[in-house]
Amino acid sequence: MTLADQMYTLYPYAKSLHIMAVISWMAGLFYLPRLFVYHVEQASNVKECRPVFLIMQEKLLKVIMRPASIVTWLAGLFMALTPGIVDWASLWPWTKLCGVLAMTWFHHWLLYRHRDFKADQNRLTGRQFRLMNEVPTVLMVIIVVSVVFKF
């Protein structure tokens, strides 16, 4: 059995793993900005809330989002490199890749905002975090439409 055959045999497993990891990663990308909104709007009123928000943010980032993003990337790369699966002459894999790179940038942007909260140096408002909460939705639409329609 050739390497290509082995990869093609493993493809459904990688795809399943990829979908599950994306769901977990997206859940974190949707929820963390909301935690930031609550942190900004509540922790300033109730000082006891600050450590709770920091722990929730930290756990979400380290226990759910980081592993999910890594598995998403690894399974995605495996699928992208499986011979005969992706037509690199088409536009869709490139729009998906741009969407995933932007999603990864957003993940890191959230990580730096968490560090700002830890250092008590947050400068953004709840409204600004609410607006940034729309970023993963827009990127998800781009990624899903790219993959489903394969334009």
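Residues numbered from 1 in each chain as written. Predicted model: local features only at pLDDT ≥ 70, side-chain atom pairs only at ≥ 80, totals over all residues. Heavy atoms only, no water.

Draft legend 1. Focus on helix H1 (residues 3-42). Spanning 40 residues, H1 covers 55 Å between terminal C-alpha atoms, matching the ideal 58 Å at 1.5 Å per step. The largest bend in H1 amounts to roughly 45 degrees and is located at tyrosine 11, with the proline proline 12 lying one to four residues further along. (Helix = DSSP H or I, 4+ residues; strand = E, 2+ residues; numbered from the N terminus. Expected span 1.5 Å × (residues − 1). Bend = angle between axes of the 7 residues up to and from the residue.)

Draft legend 2. Region of the structure containing the layout of surface pockets. Considering only enclosed or pocket space, the largest pocket measures out at about 810 Å³ in volume. Together, 29 residues line the largest pocket, and His18, Met79, Lys96, Ile143 and Val147 are the ones closest to its centre. Put simply, the parts of the chain that give the lining of the largest pocket at least two residues each are H1, helix H2 (49-81), helix H3 (92-118) and helix H5 (135-149). The element best represented in the lining of the largest pocket is H1, accounting for 8 residues. Counted by class, the lining of the largest pocket contains 23 nonpolar, 3 polar and 3 charged residues. Quantified by volume, the second largest pocket comes out at close to 220 Å³. Around the second largest pocket, the lining comprises 11 residues; the ones closest to its centre are His39, Ala43, Arg50, Phe117 and Asp120. Residues belonging to the lining of the second largest pocket are distributed by class as follows: 3 nonpolar, 4 polar and 4 charged. (1 Å grid on protein atoms, 1.4 Å probe; cavity = no way out; pocket = protein on both sides within 12 Å on 5 of 7 lines; lining within 4 Å. Points joined across faces, edges and corners; volume = space filled by probe spheres on them. Nonpolar A, V, L, I, M, F, W, Y, C, P; charged D, E, K, R; others polar.)

Draft legend 3. Summary view of the packing of aromatic side chains. Using the criterion set out here, one finds 7 aromatic pairs in the structure. Note on phenylalanine 36 and phenylalanine 117: the rings are 5.0 Å apart at their centroids and 35 degrees apart in plane angle, and the pair reads as tilted. Here the residue phenylalanine 36 occupies a position in helix H1, and phenylalanine 117 occupies one in helix H3, the gap between them amounting to 81 residues. In this structure phenylalanine 117 comes out as buried when scored by relative accessible area, which is 4%. An aromatic cluster of three or more residues is present, and its members are Phe36, Trp105, Phe106, Trp109, Phe117 and Phe129. (Phe/Tyr/Trp six-rings, centres within 6.5 Å; stacked < 30°, edge-to-face > 60°. Buried < 20%, exposed > 50% of the residue type's maximum accessible area, 1.4 Å probe, protein only.)

Draft legend 4. How the structure looks around the packing of H1 against H5. In the contact formed by H1 and H5, the axes pass within 9 Å of each other and the chain directions differ by 150 degrees. Considered as vectors, H1 and H5 are oriented roughly antiparallel to each other. Residues Met26, Leu29 and Phe30 of H1 pack against Pro136, Thr137 and Met140 of H5. Its residues assigned to classes, the contact of H1 with H5 shows 5 nonpolar, 1 polar and no charged. (Axes fitted to C-alpha atoms, helices over the stretch in contact; angles between N-to-C directions. Parallel < 35°, antiparallel > 145°, perpendicular 65-115°, else oblique. Contact = heavy atoms within 4.5 Å.)

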